[in-house]
Every structure is written in C-alpha cells, then in structure tokens.
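Structural characterization, general
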Amino acid sequence: APYDHTLFEERHLCYISPLGRGNFGCVELCRYDPLGDNTGELVAVKKLQPNKGPDLEDFQKEVKTLSVLHCDYIVKYRGVCYSMGRLSMSLVMEYLPYGSLNGYVWTNRHNITTRRMLLFASQICKGMEYLQTLRYVHRDLAARNILVANDSLVKIADFGLTKVLPFDKEYYRLSQPGQSPLFWLAPECLNENKFSNKSDVWSFGVVLHELFTYCDNSLNPKRICLQEIGQNVQGTSISMHLANMLANNWRLPAPPGCPPKVYSLMNDCWTYDFDKRPTFSDLSRKVENMIQDDR
Ligand SMILES: CC(C)(Nc1nc(-c2c[nH]c3ncc(Cl)cc23)ncc1F)C(=O)NCC(F)(F)F
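Here is what the cut-offs are and how they apply
- Per chain, residues are indexed from 1 in the order of the written sequence.
- Since the coordinates come from a predicted model, pLDDT governs what is reported: local features require at least 70, and pairs of side-chain atoms require 80 or more to be given and counted, while whole-chain, interface and lining totals use all residues.
- The side-chain quantities take in all heavy atoms of the structure and omit both hydrogens and water.
- In this description a helix means any DSSP run of H or I spanning at least four residues, a strand means any run of E spanning at least two, and both kinds are numbered starting from the N terminus.
- One fewer than the residue count of a helix, multiplied by 1.5 Å, yields its expected span.
- In this analysis, two residues are considered to be in contact whenever any of their non-hydrogen atoms come within 4.5 Å of each other.
- Any residue with a heavy atom positioned within 4 Å of a molecule or strand is treated as near that molecule or strand.
- N or O atoms closer than or at 3.5 Å make up a polar contact, with two conditions inside protein: a donor-capable atom paired with an acceptor-capable one, and, for residues adjacent in sequence, both atoms drawn from side chains.
- Working definition of accessibility: Shrake-Rupley area with a 1.4 Å probe, residue cover restricted to the visible protein chains.
- Any residue with an atom within 4 Å of a point lines the site, the site being either a cavity, points on a 1 Å grid over the protein atoms alone where a 1.4 Å probe fits but cannot get out, or a pocket, an open set with protein on both sides within 12 Å along at least 5 of 7 lines.
- Occupancy of a cavity or pocket is assigned to a molecule whenever over half of its atoms lie within 2 Å of that pocket's grid points.
- When DSSP finds two or more bridges between two strands, those strands count as paired.
- Here, a salt bridge means any Lys or Arg side-chain nitrogen found within 4 Å of an Asp or Glu carboxyl oxygen.
- Only protein chains enter the calculation, and the probe is 1.4 Å; a residue is then buried if its accessible area is under 20% of its type maximum, exposed if over 50%, and partly exposed in between.

Between its terminal C-alpha atoms helix 9 (residues 280–293) stretches 20 Å, which fits the 20 Å expected from 14 residues at 1.5 Å a residue. Buried positions along helix 9 lie against helix 3 (114–133), helix 5 (197–212) and helix 8 (260–269).

This is how it looks when you write it as structure tokens:
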C-alpha cells in the first residue's frame, strides 16, 4: 500500500506549546519527529475538545474542508492524527512562525507600510477568490483568523465555521444565529442568518479596517460598535442595535491616517445591498491598482 503522508502517528507527535483556542478546540505547536532526533517538522495540531461544542462529525467536516484546499494564500493541511483508537482525531496543519495577523500588525505597527498592508489585503482577496471557486463561504474572516507565513505572505486559516453553498443557491441560511462574531457580520447575516460570498466581502471590509488601525485593540470593531450602541443597551439585543445602526447607514469610522481610497474601498465592501458589493476579484484588482499607484 502506498505510504500515507497524511497519517500522523500520535507517538511521534511531540507537544511543544499551546498556540491558541479556535472555533472547535485548542491548537498546539508540536514537532512530528518519527526519527526521534528533533529533526522533525513543526506542525500546528488542532485537537477536537471531546464533548465540547461541535462534535466529531462537524470536526471531520472541517478536516474535509481544509484537505481539499490547495492555495498559496490558505494555511496548508498536513493530515490527521487519530488517538484513543480512532475515537478522537486531531487536524495537523503547517505551522506559520509569525502567528496571527492581528498580533503581527500590532507588534510591527511602526514599520509596516501602506503598501505592505495592501499586499496582505490582495493576498487575502486571492485566497477568498479561490475559496469562492469551490463554493465555500468562510463566515469568520477576521484579522485573528489570518496567519503570517513571513514578512510578505499571509494565509487564511480557521475553517471551523466554513460552509459549502448548496448547488442551487448563492447563500447559506443558518438554522439559528451562529457563533460568528457580530461585529464582522453583514446586515443580512444579522437579520436573516444568510451567509454568502458577499457577506464574506463585508467581513473583508472589516479586516481592512483592522489592518489600517494596526489592529489597535482600543480601535477594534467590537469596541467601536459598542461605544456607538451605548453602554446601557436595554432589552433590544446587541445584534438588533447593530442591525439598526447599519440600516441607518452608520459604518465604522475611517481609521486615523487611513488613505481615503482605502476607506472608500471599505465602504464599497459595506454596501447595504449585498448584490451591489464588489466581488473578491474586483477587490483584488482594485487593491493591486492601489499598490501600483503607491510607488
Ligand atoms: C486557535 C489558533 C491556534 N490561534 C492562534 N494560532 C496561532 C498560530 C501561529 N502559527 C500558526 N500556524 C498554524 C496555525 Cl493553524 C495556527 C497558528 N497563533 C496565535 C493564535 F491565537 C488558530 O488556529 N487561530 C486561527 C488561525 F489564526 F489559525 F487562523
């Protein structure tokens, strides 16, 4: 039988440190070291939290989702590791040493140029364009879910909430409000639980906002929206308040020092009518033109 490179044996997976908590469970930095001489490769291992949140079946869907994605701008799937006699499984991914984009941009805020931000933005658009060709909707596009491979390459990650569009519809309707973070969601998600490539475009606009605030926590979308809603929200849920504000044309304010053309691109992504929002290919082109103009 051909050697299965996607099967990781638990006994050779050496735990190093925790990386963080994702939509399904925790992710750990490990070295896969079958030779036992510390020459093995570093990998990120997403363990399914047993009987916590979504179950093994949903996790297996995430594994399936990631295993068919082959794109320079999407975190690479390496394979799976079964434990407890196939009762539990872990998702093995490439390890990106620079961590998540929000941490990277904040840490390097004093020497990241507009050009570099626009390069990251164009790579995210290309990754999303690719996802779209497979009729995937990410549903959780946010700077915390983008990883940095090196100083000029970012990749989309965390496909825990990703859904495949039905063959006959261009949107995916969740049965009940999901766990996507409200402040990255398009109005039709808040009002009708309708998710589509166009709602991913809205979230991309929020990622642009995060980038151009250098992922400053004091300016993050949640904090700005809650300030606008006002602390003493009575009765009406936060998502209703947010949906009303968006319907009344309130939008996240331009980040300090943000180039006007970038803020106008964000507002294109935040067009209320999802049919009038740009596509990710429109956005890739517009961002690349900005990179050219920025010389
Ligand atoms: C839950 C987890 C671990 N969080 C973090 N991952 C990494 C982190 C750093 N390097 C990584 N290489 C691969 C992977 Cl899958 C994660 C990391 N760094 C910091 C995190 F908070 C994660 O998965 N976040 C979603 C992602 F950022 F990946 F979109």
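For the rest of this paragraph, the subject is the site of the ligand. Residues in close proximity to the ligand total 17 residues, the closest being Arg-21, Val-27, Leu-96, Arg-144 and Ala-157. At 2.7 Å from a nitrogen atom of the ligand is found a main-chain nitrogen or oxygen belonging to Leu-96. Within the complex, 88% of the 530 Å² of free accessible area of the ligand lies under protein. Among the detected pockets, the ligand sits in the largest pocket. At the level of secondary structure, the elements contributing two or more residues to the shell around the ligand comprise strand 1 (13–21) and strand 5 (88–94). The element best represented in the shell around the ligand is strand 1, accounting for three residues.

Here we come to the pairing of strand 8 (residues 153–156). Pairing between strand 7 (residues 146–150) and strand 8: four bridges, direction antiparallel. Each residue of the ladder has a partner; that of Val-148, found in strand 8, is Val-154. Linking strand 7 back to strand 8 in an antiparallel pair, the connection comprises two residues.

Structurally, the position occupied by Asp-200 is in helix 5. At 3.0 Å, the side chain of Asp-200 and the backbone nitrogen of Arg-139 are in polar contact. Setting aside residues no more than four positions away along its own chain, Asp-200 makes contact with Met-128, Val-137, His-138, Arg-139, Leu-141 and Phe-280.

Counting across every chain of the model gives 14 salt bridges. Across the pair Lys-47 and Glu-28 runs a salt bridge, and its minimum N-O distance is 3.8 Å. You can see Lys-47 sitting in strand 3 (residues 41–47) and its partner Glu-28 sitting in strand 2 (residues 26–32), a full 19 residues away along the chain. Accessibility expressed as a relative area gives 14% for Glu-28, which makes it buried. For Glu-62, the salt bridge goes to Lys-46, with nearest N and O atoms at 3.1 Å. Of the two residues, Glu-62 sits in helix 1 (residues 56–67) while Lys-46 sits in strand 3, which places them 16 residues apart along the sequence. The class for Lys-46 is buried, based on a relative accessible area of 3%. In this structure, a network of salt bridges that share partners links the residues Lys-46, Glu-62 and Asp-158.

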